[in-house]
Amino acid sequence: MNSFFSPSRPGPKPWPNRKKQTNKSAICLCSVSLLAVLFLSVFFITYSEIPKSIFSISSAFSGSVEFPQCRSETLSRTLLGQRFLLYAPHSGFSNQLSEFKNAVLMAMILNRTLVVPPVLDHHAVALGSCPKFRVLSPSEVRVSVWNHSVELLRSGRYVSMGDVVDISSLVSSSAVRVIDFRYFASLLCGVDLETLCSGELAEQSQAYESLRQCGYLLSGVRGNVDGCLYGVDDDCRTTVWTYRNGGSDGRLDSFQADEKLKKKKKITYVRRRRDVYKALGRGSEAESAAILAFGSLFTAPYKGSELYIDIHKSSGVPEVKSLIEKVEFLPFVREVMSAGKRFATGTIKAPFLCAQLRLLDGQFKNHQESTFTGLNQKLESLSLKNPGPFHVFVMTDLPESNWTGTYLGDLARNSTKFKLHFLREEDEVIVRTEKELASAAHGQKFGSIPMSLDSIKKMQKHCSPRKVSNVQLYVEEAVCSCASLGFVGTAGSTIADSVEMMRKFNACSS
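Cut-offs and rules
Residues numbered from 1 in each chain as written. Predicted model: local features only at pLDDT ≥ 70, side-chain atom pairs only at ≥ 80, totals over all residues. Heavy atoms only, no water. Disulfide = S-S within 2.5 Å. Helix = DSSP H or I, 4+ residues; strand = E, 2+ residues; numbered from the N terminus. Buried < 20%, exposed > 50% of the residue type's maximum accessible area, 1.4 Å probe, protein only. Contact = heavy atoms within 4.5 Å. Polar contact = N/O pair within 3.5 Å; in protein donor to acceptor, adjacent residues only side chain to side chain. Core = buried A, V, L, I, M, F, W, Y, C linked by side-chain atoms within 4.5 Å. Axes fitted to C-alpha atoms, helices over the stretch in contact; angles between N-to-C directions. Parallel < 35°, antiparallel > 145°, perpendicular 65-115°, else oblique. Nonpolar A, V, L, I, M, F, W, Y, C, P; charged D, E, K, R; others polar. Left-handed = near helix turned anticlockwise from the far one by under 90°. Pairing = 2+ DSSP bridges. Phe/Tyr/Trp six-rings, centres within 6.5 Å; stacked < 30°, edge-to-face > 60°. Patch = residues over 30% accessible without salt bridge, like charges linked within 9 Å, V, L, I, M, F, W, Y side chains within 5 Å. Areas by Shrake-Rupley, 256 points an atom, 1.4 Å probe, with all protein chains shown as cover. Salt bridge = Lys/Arg side-chain N within 4 Å of Asp/Glu carboxyl O. Lys, Arg positive; Asp, Glu negative; His and termini not counted. Charge placed at Lys NZ, Arg CZ, Asp CG, Glu CD.

Looking at an unreviewed UniProt entry, one finds the protein chain named O-fucosyltransferase family protein, with Brassica cretica as its source organism.

See below:
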């Protein structure tokens, strides 16, 4: 719709009736005034309800910000001379897990301690599209993740990736050093763990100001800080990270923006393959920085290359090869796997097929028919061997109330041939698992910087979450890993990839 002052709006007609014109003008001005009052009212009401981020990029360039955390004596005292790797996860849980695996590899190659991040709310932070060369800059992603992490702490919903995924094998084998983000932020920002995790962060408090300064620092919006922070600003638009991959360092990657896209977005840069150790390891400008901060670490195969990271084939380095094998599959913690097995054996009580049907989100809502076709073909194939009835466990983002008129609705009505099973957030197995995860607090048990007894007690008392999100998804994946009649997933879904990986490594029987 054109704005009121749009130049495309037609001009006045010649020889207008002056009386009518005056009346129209009065009516028009009155309407505009009413609209203006309405708009301002709605704006202020809405604005007052928007949770304020701890800082924004626009405010980062106004006023002066000093970083007392970066004084050499402070770094030596608080971080014990260690060097850390920070990154900014985003999108859904499966994407975040994929980034975590890449972060583990990067931390090992660069000999840095990995800061283990929280599990972010689904799509609370979105990167954009690497294939379309339309992504947020690394500093913008880091800002968004920092703000959301603080919000999770303030609302009692902070859950570490280490609370959900079993990383004990990585830590016990010394494959990588780790530190929980909460403890790291407490040390660097000088904020007591009790204050950090309690949610009592008044905007005028010293703790809030310390976190604000840390946000400026770690996001890199003010640039790098010698000896303290090096922000990696190379993203998937310009770089594919490699490691000891022959003589490919500096070469053009096989995937580049096509001519049409170059003209449309005025792209003048190219994508190059760069050795991550040569660029950010020993002898580089980044080496001396206590904190190395990446943006997104998500990658995926695309048109014969990788979107951002291509080090999974560095088999010539034994240590890297071993770690690649370790991180290929990181299982859920025992509370999640036990819940999935319990539902499979105690509720379904029969051999079953798992159907993962992503039907509403993003690109998937336009391919519902093909998704249902895949399930139908699998069920017809099973029918040739056994007349049924078949037990089918369904994990889908389509609410049960909307199944009517879909293939799922048809299956649900055909109760003589199919028995459908699915989970709800209020189911006992989900509620129980949520409580168990909050109580177990696995992520608090790992760390390369020793915690004082007082810090351990504060972490245990104040940092356990009051609410654990995504539990239904975790348990559903665990159930699907136990499906003895097979698995049907949605093409292109990272959730389907995750389930396939669990099945490949026999997670249900482990």
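Asks: Quick question: what am I supposed to make of the state of the cysteines here?
Replies: One way to say it: the disulfide is the covalent bond shared by the sulfur atoms of two cysteines. Going through the model one piece at a time under the given rule, you end up with six disulfides. Here C189 is linked by a disulfide to C214, with a sulfur-sulfur distance of 2.1 Å. Negative torsions about the S-S bond denote left-handed disulfides, and the value of about -130° found for C189 with C214 makes this one left-handed. Here C189 is found in helix α8 (residues 181–189), whereas its partner C214 is found in helix α10 (residues 206–219), with 25 residues between them in sequence. Of the two residues, C189 and C214, neither departs from the other in class, the shared state being buried. The cystine pairing of the protein chain, numbering bonded cysteines in sequence order, is 1-6, 2-7, 3-5, 4-9, 8-10, 11-12.

Asks: What exactly am I supposed to notice about the environment of S91 here?
Replies: Of note, S91 is situated in the loop between β1 (84–86) and α4 (93–109). According to the relative accessible area criterion, S91 is buried, its value standing at 10%. Spatially, the C-alpha atoms of S91 and A126 are 5.3 Å apart, while their sequence positions differ by 35 residues. Contacts of S91, omitting those with residues within four sequence positions, involve Q96, D121, H122, H123 and V125. Engagement of the side chain of S91 in a polar contact is seen with the side chain of H90, the distance being 2.8 Å.

Asks: Just to check I follow, could you spell out the environment of S415 for this structure?
Replies: Among the secondary structure elements, S415 is positioned in the loop between α16 (407–413) and β14 (418–421). Judged by relative accessible area, which is 55%, S415 ranks as exposed. Through-space distance from the C-alpha of S415 to that of F390 is 9.4 Å; in sequence the pair is 25 residues apart.

Asks: Whenever I open this one, the nonpolar core confuses me. Can you help?
Replies: Ranked by size, the top nonpolar core spans 133 residues in total, and within it F93, L114, F184, W241, L280, F294 and F393 carry the most contacts. Broken down by element, the residue count for this core peaks at nine residues, all from α4. With sequence-adjacent residues up to four places away left out, L114 is seen in contact with L85, Y87, F100, A103, V104, A107, V176, R177, V178 and I179. F372, L398, W403 and L408 belong to the second largest nonpolar core, which has 19 residues in total.

Asks: I keep staring at the packing of helix α17 (residues 428–440) against helix α19 (residues 471–480) and nothing clicks. Help me out?
Replies: α19 packs onto α17 with a crossing angle of 105° between their chain directions and a minimal axis gap of 10 Å. With respect to their mutual orientation, α17 and α19 come out roughly perpendicular. Here α17 contributes I430, T433, E434 and L437 to the contact with α19, which in turn contributes V471, Q472, Y474 and V475. The residue inventory of the contact of α17 with α19, partitioned by class, reads five nonpolar, two polar and one charged.

Asks: What is the right way to look at the side chain of R273 in this model?
Replies: In this structure, R273 sits in strand β8 (residues 272–275). Judged by relative accessible area, which is 12%, R273 ranks as buried. Within the local environment of R273, its side chain forms a polar contact with the side chain of D253, the two groups lying 3.0 Å apart. Setting aside anything within four residues of it in sequence, one finds R273 in contact with V240, T242, N245, S248, D249, G250, R251, L252, D253, S305 and D310.

Asks: Just to check I follow, could you spell out the packing of helix α5 (residues 138–154) against α10 for this structure?
Replies: At their nearest, the axes of α5 and α10 sit 9 Å apart, and the two run at 150° to each other. Overall, the two elements α5 and α10 adopt an arrangement that is roughly antiparallel. Note that α5 runs across α10; the crossing there is right-handed. Across from S139, R142, V143, W146 and R154 in α5, the residues of α10 making contact are Y208, L211, C214, G215, L218 and S219. Across the contact of α5 with α10, the residue classes break down as six nonpolar, three polar and two charged.

Asks: Even after reading the chapter, I still don't get the sheet that holds strand β9 (residues 291–293), so can you show me in this structure?
Replies: The pairing of strands in a sheet comes from backbone hydrogen bonds and takes either a parallel or an antiparallel form. Taken in spatial order, the five strands line up as β5-β2-β1-β9-β6 in an open sheet, and their pairing is parallel. Two strands lie at the open edges of the sheet, namely β5 (178–180) and β6 (229–231), each paired on one side alone. Here the average twist between neighbouring strands, direction ignored, is 25°. Two elements, β6 and β9, share three bridges in a ladder whose sense is parallel. Bridge assignment links G231 to a residue of β9, and that residue is A293. Contacts between α4 and the sheet are confined to β1 and β2 (113–116), with β2 contributing the most and set at about 160° to the helix.

Asks: What should I look at first to understand the pairing of strand β7 (residues 239–242) in this one?
Replies: Side-chain positions along a regular strand alternate between the two faces of the sheet. Across the two faces of β7 the burial is the same, with T239 and W241 and V240 and T242 all buried. Looking at chain direction, β7 and β8 are connected through four bridges and run parallel. Among the inter-strand pairings, T239 is bridged to a residue of β8, identified as R272.

Asks: What should I look at first to understand the packing of aromatic side chains in this one?
Replies: Aromatic rings in a pair are described by how distant their centres are and how their planes are angled relative to each other. The full count for this structure, using the stated rule, is 15 aromatic pairs. Between W146 and F181 the ring centres are 5.7 Å apart and the planes differ by 70°, which places this aromatic pair in the edge-to-face class. Residue W146 is found in helix α5, and its partner F181 is found in helix α8; the two are separated by 35 residues along the sequence. Here the two residues W146 and F181 agree in accessibility, since each one is buried. By the ring-pair criterion, three or more aromatic residues cluster together here, those being F133, F255, Y269 and Y302.

Asks: Where do I start with the sheet that holds strand β15 (residues 487–488) in this structure?
Replies: Spatially, β14-β13-β12-β15 is the arrangement adopted by the four strands of the open sheet, whose pairing is parallel. Pairing within the sheet leaves two strands with one partner each, and these edge strands are β14 and β15. Bridge count for strand β12 (residues 352–357) against strand β13 (residues 390–396) is six bridges, and the pairing is parallel. The partner of L357 across the bridge, within β13, is T396. Strands in contact with α19 are β12, β13 and β15; relative to β13, the strand with the most contacts, it is inclined by about 150°.

Asks: Can you help me understand a positive patch on the surface in this one?
Replies: A cluster of basic residues, K132, R134, K260, K264 and K265, forms a positive patch at the surface. Counting residues per element, the positive patch draws most heavily on helix α11 (residues 259–265), which supplies three residues. Among the secondary structure elements, K260 is positioned in helix α11.

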